Amino acid sequence: MSEVSYDDLFTTAKTIAVVGLSDNPSRPSFEVAQVMQRAGFRIIPVNPRAAGQSILGEPCVGALSEIAVPVDIVDCFRRSEEMVEVARAVAAMSLKPKVLWMQIGVMNEEAAQIARDAGIAVVQNHCIKIEYRSWKAGQ
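Below is a summary of the structure that appears in this document.

The rules behind these values
- Residues numbered from 1 in each chain as written.
- Predicted model: local features only at pLDDT ≥ 70, side-chain atom pairs only at ≥ 80, totals over all residues.
- Heavy atoms only, no water.
- Helix = DSSP H or I, 4+ residues; strand = E, 2+ residues; numbered from the N terminus.
- Rg over C-alpha atoms; globule rule 2.2 N^0.38 Å.
- Buried < 20%, exposed > 50% of the residue type's maximum accessible area, 1.4 Å probe, protein only.
- Contact = heavy atoms within 4.5 Å.
- Areas by Shrake-Rupley, 256 points an atom, 1.4 Å probe, with all protein chains shown as cover.
- Arc of directions from axis to C-beta.
- 1 Å grid on protein atoms, 1.4 Å probe; cavity = no way out; pocket = protein on both sides within 12 Å on 5 of 7 lines; lining within 4 Å.
- Points joined across faces, edges and corners; volume = space filled by probe spheres on them.
- Nonpolar A, V, L, I, M, F, W, Y, C, P; charged D, E, K, R; others polar.

1. Points about the overall build of the protein
Turning to step 1, where the next piece is worked out: When you go through the protein residue by residue, the secondary structure sums to 5 helices and 7 strands.
Turning to step 2, where the next piece is worked out: From first element to last, N terminus to C terminus, the protein shows the α and β order α-β-α-β-β-β-β-α-β-α-β-α.
Turning to step 3, where the next piece is worked out: For a compact globule of 139 residues, the expected C-alpha radius of gyration is about 14 Å, and the protein comes in at 14 Å, within 12% of that figure.
Turning to step 4, where the next piece is worked out: In terms of its C-alpha atoms, the protein occupies a principal-axis envelope of roughly 35 × 35 × 25 Å.
Turning to step 5, where the next piece is worked out: Expressed as a percentage of the 139 residues in the protein, the buried residues total 52%.
Turning to step 6, where the next piece is worked out: A separation of at least 24 residues holds for 62% of the contacts in the protein among residues at least 6 apart in sequence.
Turning to step 7, where the next piece is worked out: Only carbon and sulfur atoms are counted for the fraction: they give 49% of the accessible area of the protein, which is about 6900 Å².

Printed below as a string of structure tokens:
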């Protein structure tokens, strides 16, 4: 399962940085972020190709280092082999998130350890939309 209490996380989290968020509505990252936004979370798009544009009504940044507000969850739509670099960027954030979240199919133990060593909990191979809806249904 996960090293994160969804009850604690979903009742306290307010902001989700989505790494790899596409501006294409047919992409899974867009759908997942839109669902979480509609559930009341603030979404911060992180995508160097879309930096400076708006996705889901929010300004897109090119890198996690550009985020100047507290982030609770960093949700990642990147390949497993790209996660070490992402985890290093998450660990370097001045305002550490609570959770590094790797979407379904994304797993990297080295990246997970980098996050844990920085005091950040990790979820791997789970969809935040699915887990949130399941948690919400159990409320």
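2. Focus: helix H3 (residues 83–91)
Turning to step 1, where the next piece is worked out: Listing the buried residues of H3 in full gives Met83, Val84, Val86, Ala87, Val90 and Ala91. Along H3, the residues classed as buried sweep out an arc of 160° about the axis, all on the same side. Those residues of H3 that are exposed and angled more than 90 degrees off the buried face are Glu85 and Arg88.
Turning to step 2, where the next piece is worked out: The inward-facing, buried residues of H3 contact strand S1 (15–19), strand S5 (73–76), strand S6 (99–102) and helix H4 (109–117).

3. Describing the layout of surface pockets
Rolled over the atoms, a probe with the dimensions of a water molecule shows which regions are left empty.
Turning to step 1, where the next piece is worked out: For the largest pocket, the calculated volume is near 690 Å³.
Turning to step 2, where the next piece is worked out: Elements with a minimum of two residues in the lining of the largest pocket: helix H2 (28–38) and H3.
Turning to step 3, where the next piece is worked out: Of the residues contributing to the lining of the largest pocket, the split by class is 11 nonpolar, 7 polar and 7 charged.

4. As for unusual backbone geometry
Turning to step 1, where the next piece is worked out: One non-glycine residue with positive phi stands out, namely Leu56, at about 55°.
Turning to step 2, where the next piece is worked out: Within the fold, Leu56 resides in the loop between strand S3 (54–55) and strand S4 (58–59).
Turning to step 3, where the next piece is worked out: Notably, Asn125 is not glycine yet its phi reads approximately 60°, a positive angle.
Turning to step 4, where the next piece is worked out: Relative to the assigned elements, Asn125 resides in the loop between strand S7 (121–123) and helix H5 (128–137).

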